[in-house]
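Chains, contacts and geometry: an overview
Now for the letters of each chain:
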Amino acid sequence: MKQKVYTLKAVDSKESYPGLVYNFGAGPAMLPREVMQLARAEFLDWHGAGMSVMEMSHRSDEFMSIATQTEADFREILAIPDNYKVLFSQGGASSQFAMVPLNLLAGKKTADYFHTGLWSGKALKEAERFCKVNVITNEDNDALLSVPEAETWSLDPDAAYVYYTDNETISGVRFPAIPDVADVPLVTDMTSNLLSKPFDVSRYGVIFAGAQKNIGPPGLVIVIIREDLLGHAPKHIPSMYNYTIQAKSNSMYNTPPTYSWYISGLVLKWIKGQGGLEAMERMSHARSDSLYQAIDKSDFYNNLVDPKYRSRMNVPFTLAGDSLNEKFASEAKDHGLVALEGHRSVGGMRASMYNAMPEEGVDTLISFMQEFERTNG
Ligand SMILES: Cc1ncc(COP(=O)(O)O)c(C=O)c1O
């Protein structure tokens, strides 16, 4: 059969789709429009296979070629060393909260957890079901709006691993640098910032991320694990929760989330086409710098996070009065700026700006905020 192969190309402008909005939601999030258009072109008949990727066997040659290419691109973009396995799994990032202790304790009884926000809090609660957790946090900081300074850390010398959340999606707090924990395996949840910046993978034992923000659609969690950490899980843990079994079967122990895997592959091609992680980082700095500047120079808007720890992905902010929140969100929606409501645990507003958020989206948001301040301030 003759193959019809489409490629990523410049997007139809917003005028072709007047209803499209800028989605500032924390995830699932915007995907690059070029990717959506390519997926649409390939939707019914992928490369002449006579069917959609959604309908293919995960063991077919066609899907295997997608899976292999996606992993190769992922490895290339992040410069992942050969002694790391990459798993394309299910269960969301939350499944990793249990998988990490189940697989990494390896007979040890404690693990170190940085508590810097809601997601690391959830992870450490889950770990407490399996081991003693040594919590490292800023005691005097109830709102968890900063990261403890290195000289205050009290790491457990017997810990099986050290765990932290690189970017706390809800409070908008990010680790300013990779924590230095000597030879103890370092584990990080990068659900909300993997693929937004280059970094040294070899500093880590395990890195994981739910796909639904910078990588692709929901349903997929990607795990990068150093090979020497495999093979130590106790026999009784469920097979689906065993990294070694997942790695040995090349993430095909059961049916993987094939369509999310495929779309993530298109997103990776898009990232490469944009100039890789250096370009993603530049864009994330441009977006977040303009929004923080707009907030900081106004008396109407406020972001409470110390600039040293401010997230490049998620910018929470409050208005001069909580009573204005609903009005702000509703009028923003009328301007095509959606999902700006803050997380229910913190209130206020939050603008999440992942890789696919164009700069015009942020410019439109800032102009709207200035106008809202003028009429409501
Ligand atoms: C940092 C972080 N970790 C974990 C999760 C949980 O992800 P999932 O819904 O895939 O379990 C989220 C979700 O937003 C997150 O932002």
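Notes on the structure in this doc start here. Owing to the predicted nature of the structure, the values given are computational and were not obtained by experimental measurement.

Calculation rules
- Residues numbered from 1 in each chain as written.
- Predicted model: local features only at pLDDT ≥ 70, side-chain atom pairs only at ≥ 80, totals over all residues.
- Heavy atoms only, no water.
- Helix = DSSP H or I, 4+ residues; strand = E, 2+ residues; numbered from the N terminus.
- Rg over C-alpha atoms; globule rule 2.2 N^0.38 Å.
- Buried < 20%, exposed > 50% of the residue type's maximum accessible area, 1.4 Å probe, protein only.
- Contact = heavy atoms within 4.5 Å.
- Areas by Shrake-Rupley, 256 points an atom, 1.4 Å probe, with all protein chains shown as cover.
- Lys, Arg positive; Asp, Glu negative; His and termini not counted.
- Charge placed at Lys NZ, Arg CZ, Asp CG, Glu CD.
- Expected span 1.5 Å × (residues − 1).
- Bend = angle between axes of the 7 residues up to and from the residue.
- Phe/Tyr/Trp six-rings, centres within 6.5 Å; stacked < 30°, edge-to-face > 60°.
- Core = buried A, V, L, I, M, F, W, Y, C linked by side-chain atoms within 4.5 Å.
- Axes fitted to C-alpha atoms, helices over the stretch in contact; angles between N-to-C directions.
- Parallel < 35°, antiparallel > 145°, perpendicular 65-115°, else oblique.
- Left-handed = near helix turned anticlockwise from the far one by under 90°.
- Nonpolar A, V, L, I, M, F, W, Y, C, P; charged D, E, K, R; others polar.
- Arc of directions from axis to C-beta.
- Near = heavy atom within 4 Å.
- Polar contact = N/O pair within 3.5 Å; in protein donor to acceptor, adjacent residues only side chain to side chain.
- Patch = residues over 30% accessible without salt bridge, like charges linked within 9 Å, V, L, I, M, F, W, Y side chains within 5 Å.
- Salt bridge = Lys/Arg side-chain N within 4 Å of Asp/Glu carboxyl O.

Within the chain, the secondary structure is distributed over nine helices and 13 strands. In summary, the chain has a C-alpha radius of gyration of 21 Å against a globular reference of 21 Å for 377 residues, a match within 12%. Overall size of the chain, expressed as C-alpha extent along the three principal axes, is 65 × 65 × 30 Å. Burial analysis of the chain (377 residues in total) assigns 56% to the buried set. The contacts of the chain with a sequence gap of at least 6 include a subset with a gap of at least 24, amounting to 68%. When the accessible area of the chain is evaluated, it comes to approximately 16,900 Å², of which 52% is carbon and sulfur surface. Here the chain carries 35 positive and 46 negative side-chain charges, and the mean point of each set is 4 Å from the other.

This next bit is on helix H3 (residues 92–104). Helical geometry: 3.6 residues make up each α-helical turn, so side chains three or four residues apart lie on a common side. Taking 1.5 Å as the rise per residue, H3 with 13 residues should run 18 Å; its terminal C-alpha atoms sit 19 Å apart, in good agreement. Of all the bends in H3, the greatest reaches close to 30° and is centred on alanine 98; the proline proline 101 follows between one and four positions later. For H3, the buried fraction is high: 11 of the 13 residues fall into the buried class. Ala93, Ser95, Gln96, Phe97, Ala98, Met99, Val100, Pro101, Leu102, Asn103 and Leu104 are the residues of H3 that are buried.

All right, on to the packing of aromatic side chains then. In total, this model carries 23 aromatic pairs according to the counting rule given. An angle of 55° between the planes, with centres 4.4 Å apart, marks the rings of tyrosine 164 and phenylalanine 175 as tilted. Here tyrosine 164 is found in strand E5 (residues 162–165), whereas its partner phenylalanine 175 is found in the loop between strand E7 (173–174) and strand E8 (186–189), with 11 residues between them in sequence. The pair formed by tyrosine 164 and phenylalanine 175 is uniform in burial state, with each residue classed as buried. Members of the aromatic cluster, each reached through a chain of ring pairs, are Phe97, Tyr113, Trp119, Tyr161, Tyr163 and Phe208.

Residues Phe74, Leu78, Leu194, Leu195 and Tyr262 are the most contacted members of the largest nonpolar core, which totals 54 residues. The set of elements that each furnish at least two residues to this core consists of helix H1 (33–41), helix H2 (61–78), strand E2 (84–89), E5, strand E9 (206–210), strand E10 (221–226), helix H6 (258–274) and helix H7 (276–296). Broken down by element, the residue count for this core peaks at nine residues, all from H6. Within the second largest apolar cluster, 29 residues are counted, among which are Tyr22, Leu337, Met349 and Phe368.

This next bit is on the packing of H3 against helix H4 (residues 118–127). Where H3 meets H4, the axes come as close as 9 Å, and the angle between the chain directions of the two elements is 45°. Here H3 lies oblique to H4, going by the angle between them. The crossing of H3 and H4 is right-handed. Where H3 abuts H4, its residues Ser94, Phe97, Ala98 and Pro101 lie against Trp119, Lys122, Ala123, Glu126 and Ala127. Here the contact of H3 with H4 is composed, by residue class, of six nonpolar, one polar and two charged.

The next thing to look at is helix H8 (residues 325–334). Turning to H8, its buried residues are Asn325, Phe328, Ala329 and Ala332. Looking straight down H8, one finds that the buried residues subtend no more than 95° of arc, so they occupy a single side. Pointing more than 90 degrees away from the buried face of H8 are the exposed residues Glu326 and Asp334. Lining the buried residues of H8 we find strand E11 (314–317), strand E12 (337–338), strand E13 (349–352) and helix H9 (359–376).

Another point: the site of the ligand. In the vicinity of the ligand, 13 residues are found, and the nearest of them are Ser94, Thr169, Asp189, Gln212 and Lys213. Taking alanine 93, its main chain carries an N or O atom lying 2.9 Å from an oxygen atom of the ligand. The side chain of tryptophan 119 places a nitrogen or oxygen atom 3.3 Å from an oxygen atom of the ligand. Contact with the protein chains covers 84% of the free accessible surface of the ligand, which is 400 Å². Grouping the amino acids of the shell around the ligand by side-chain chemistry returns three nonpolar, eight polar and two charged.

Along the chain, leucine 87 falls in strand E2. Overall, the relative accessible area of 1% leaves leucine 87 in the buried class. In this structure the C-alpha to C-alpha distance between leucine 87 and isoleucine 215, which are 128 residues apart in sequence, comes to 14 Å. The contact partners of leucine 87, leaving out residues within four places of it in the chain, are Val221, Ile222, Val223, Tyr243, Gln246, Ala247 and Ser251.

On the surface, Phe43, Leu44 and Met54 cluster together into a nonpolar patch covering about 340 Å² of accessible area. Here leucine 44 is to be found in the loop between H1 and H2. With a relative accessible area of 70%, leucine 44 lands in the exposed category.

Moving on, we get to the environment of valine 173. Mapped onto the fold, valine 173 is located in strand E7. Excluding residues within four positions of it along the chain, valine 173 makes contact with Thr116, Leu144, Leu145, Ser146, Val147, Asp166, Asn167, Glu168, Val305, Tyr309 and Ser311.

Just distances and angles here, no functional claims.
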